[in-house]
Amino acid sequence: MIFERLPARMVGRGMSMVGALARIGAPVAAPGVGVAIGLFGVSPVLAAGAALYLAAVCLPAFGRAARGLERPPEPPEAVQRPDQLA
């Protein structure tokens, strides 16, 4: 989808931004997960993490973001001038 929505000259920047945002969660969430394991134990924290992951993967398919995923309209074909038809 990134390749369809971004202009060709912006694809590298868009992919870099997606990668950076995807990787920022590990160092930010690690201390919170450590505290949660200390308070609740490993099994409940793993179950909660699995539930959050499942929600993060499945909910966008049912939300309003999924309604805007139609393919963009094709660009109109080039219109030829009358003097170019021959």
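The rules behind these values
- Residues numbered from 1 in each chain as written.
- Predicted model: local features only at pLDDT ≥ 70, side-chain atom pairs only at ≥ 80, totals over all residues.
- Heavy atoms only, no water.
- Helix = DSSP H or I, 4+ residues; strand = E, 2+ residues; numbered from the N terminus.
- Buried < 20%, exposed > 50% of the residue type's maximum accessible area, 1.4 Å probe, protein only.
- Areas by Shrake-Rupley, 256 points an atom, 1.4 Å probe, with all protein chains shown as cover.
- Patch = residues over 30% accessible without salt bridge, like charges linked within 9 Å, V, L, I, M, F, W, Y side chains within 5 Å.
- Salt bridge = Lys/Arg side-chain N within 4 Å of Asp/Glu carboxyl O.
- Axes fitted to C-alpha atoms, helices over the stretch in contact; angles between N-to-C directions.
- Parallel < 35°, antiparallel > 145°, perpendicular 65-115°, else oblique.
- Contact = heavy atoms within 4.5 Å.
- Nonpolar A, V, L, I, M, F, W, Y, C, P; charged D, E, K, R; others polar.
- pLDDT = per-residue confidence, 0-100.
- Expected span 1.5 Å × (residues − 1).
- Arc of directions from axis to C-beta.

## Thoughts on the overall build of the protein chain
Moving on, step 1. Broken down by element type, the protein chain carries five helices and zero strands.
Moving on, step 2. Looking at the protein chain as a whole, 6% of its 86 residues are labelled buried.
Moving on, step 3. A total accessible area of about 7700 Å² is found for the protein chain, and carbon and sulfur atoms account for 70% of it.

## Some details on a nonpolar patch on the surface
Moving on, step 1. A surface patch of nonpolar side chains, amounting to about 340 Å² of accessible area, comprises V33, I37, V42 and L46.
Moving on, step 2. Among the elements of the structure, α3 (25-40) and α4 (42-62) are those that each provide at least two residues to the nonpolar patch.
Moving on, step 3. Positionally, I37 belongs in helix α3.

## Describing the packing of α3 against α4
Moving on, step 1. α4 packs onto α3 with a crossing angle of 130° between their chain directions and a minimal axis gap of 7 Å. In this view, α3 runs oblique relative to α4, as classed from their interaxial angle. Of α4, the residues touching α3 (which contributes V33, A36, I37 and F40) are V42, P44 and V45.
Moving on, step 2. Partitioned by chemical class, the residues of the contact of α3 with α4 number seven nonpolar, no polar and no charged.

## Here we look at the confidence of the model for the protein chain
Moving on, step 1. Scored by pLDDT, the protein chain comes out at a mean of 81, with 70% of its residues at no less than 70.
Moving on, step 2. Of all secondary-structure elements in the protein chain, the lowest mean pLDDT belongs to helix α5 (residues 64-67), at 67, while α3 reaches the highest, 91.

## Points about the environment of V45
Moving on, step 1. Relative to the helices and strands, V45 resides in helix α4.
Moving on, step 2. If we skip the residues at most four places from it in the chain, V45 touches V33, A36, I37 and F40.

## Notes on helix α2 (residues 11-23)
Moving on, step 1. Helix length check: α2 (13 residues) gives 18 Å between terminal C-alpha atoms against 18 Å at 1.5 Å per residue, within 8%.
Moving on, step 2. All of the buried residues along α2 are V11, G14 and G19. The arc that holds every buried residue of α2, seen down its axis, measures 130°, which confines them to one face. α2 presents R13, L21 and R23 as exposed residues on the side facing more than 90 degrees away from its buried surface.

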